[in-house]
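Structural features, examined
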Amino acid sequence: MDPERVRAVYEHLFAAYGPQHWWPADSAFEVMVGAVLTQNTAWTNVERALQRLAERIPLRAESILELPHAELADALRSAGYFNVKARRLRSFCDGYLEAGGLEGLSALATPHLRRQLLGMHGVGPETADDMLLYAFGRPVFVVDAYTRRVFARLGLIEHETGYETLRAAFEDALGPDADLFNEYHALIVRHGKARCRKRPDCPGCCLRSICPAGGA
DNA sequence: TACCAGGAGAAAA
DNA sequence: TTTTCTCATGGT
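What comes next is a walk through the structure. (Residues numbered from 1 in each chain as written. Chains lettered and ligands numbered in written order. Predicted model: local features only at pLDDT ≥ 70, side-chain atom pairs only at ≥ 80, totals over all residues. Heavy atoms only, no water.)

**What about the protein's contact with DNA strand C?**
The condition that has to hold: In these notes, residues near a molecule or strand are those with any non-hydrogen atom within 4 Å of it. Whenever two N or O atoms come within 3.5 Å, that pair is a polar contact, provided that in protein one can donate a hydrogen and the other can accept it, and provided that, for residues adjacent in sequence, both atoms are side-chain atoms. Only DSSP runs of H or I with at least four residues qualify as helices, and only runs of E with at least two residues qualify as strands; both kinds are numbered from the N terminus onward. Gly is placed with the polar residues, together with every amino acid not listed as nonpolar (Ala, Val, Leu, Ile, Met, Phe, Trp, Tyr, Cys and Pro) or charged (Asp, Glu, Lys and Arg).
All residues in the neighbourhood of DNA strand C are listed as N45, R48, R77, S78, G80, Y81, F82, N83 and V84. Here, DNA strand C places atoms within 4 Å of the protein, and 56% of those atoms are sugar or phosphate. Contact distances for DNA strand C include 3.2 Å between a sugar or linking oxygen and a side-chain N or O atom of N45. Within the side chain of R48, a nitrogen or oxygen atom sits 2.4 Å from a phosphate oxygen of DNA strand C. At the level of elements, α3 (43–56) and α6 (82–98) are the ones that each hand at least two residues to the surface near DNA strand C. Of the residues that constitute the surface near DNA strand C, the class distribution is three nonpolar, four polar and two charged.

Below, the structure written as structure tokens:
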């Protein structure tokens, strides 16, 4: 990808939406829990689930593991896929504690830490990269469905390009900059939410001046 | 009413 | 190995 165009997209998005202050959480562990719960789910639904969970137990791996499955699933109900996510969250907490918690994981170099996270049940590429960037501050670019949609429409990528290829392309174009990646991904999500998907030629799109189709 | 949301894993082909 | 199916609530 052309680094200048990738930068230009960022500048347009930042000018339109301003700083997003991601990730909305009080601790690194809460970021990781939120990353599992937000899989294919609107954040507003995740917030309710996090609140319900925090009303019942302290937001710690040990406390989550002490909850029976039915109780955990019930607390997560509003986030959707609650049975699946209850299992994934328990597996994640197991792996988290086995790895020595936040301290143990933080001691790992980024490639090793990424492999460690990906080895946990329920943690796929995007979730692992959410954790790496927003919980550990590592310079890893998060690719999601919005990223594909926006950049494919801009003609900068093929929609079907694999996750790792896209991640590497963004990281190569921008250089290792965790603060930039943090803001960029948040802005892409903000833009994706704001756009009306029923109007692909949206005249109000902040990217229309750099989009061959007139909007992204 | 139908569609989508800050995906991942299992099952089927 | 690649594609398809399943998981589910809440907002628009």
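**Re helix α8 (residues 110–118)**
Note the threshold: Under the scheme applied here, a residue whose accessible area is under 20% of the maximum for its type counts as buried, over 50% as exposed, and between as partly exposed, the area being computed with a 1.4 Å probe on protein chains only. Arc, as used here, means the arc of the directions from the helix axis to the C-beta atoms. Here, residues are in contact when the closest pair of their heavy atoms is within 4.5 Å.
Taken together, the buried positions of α8 are L113, R114 and L117. The buried residues of α8 occupy an angular sector of 100 degrees when the element is viewed end-on, so they sit on one face. Exposed and facing more than 90 degrees away from the buried side of α8 are P111 and R115. Against α7 (101–106), α9 (125–135) and α11 (163–174) lie the buried residues of α8.

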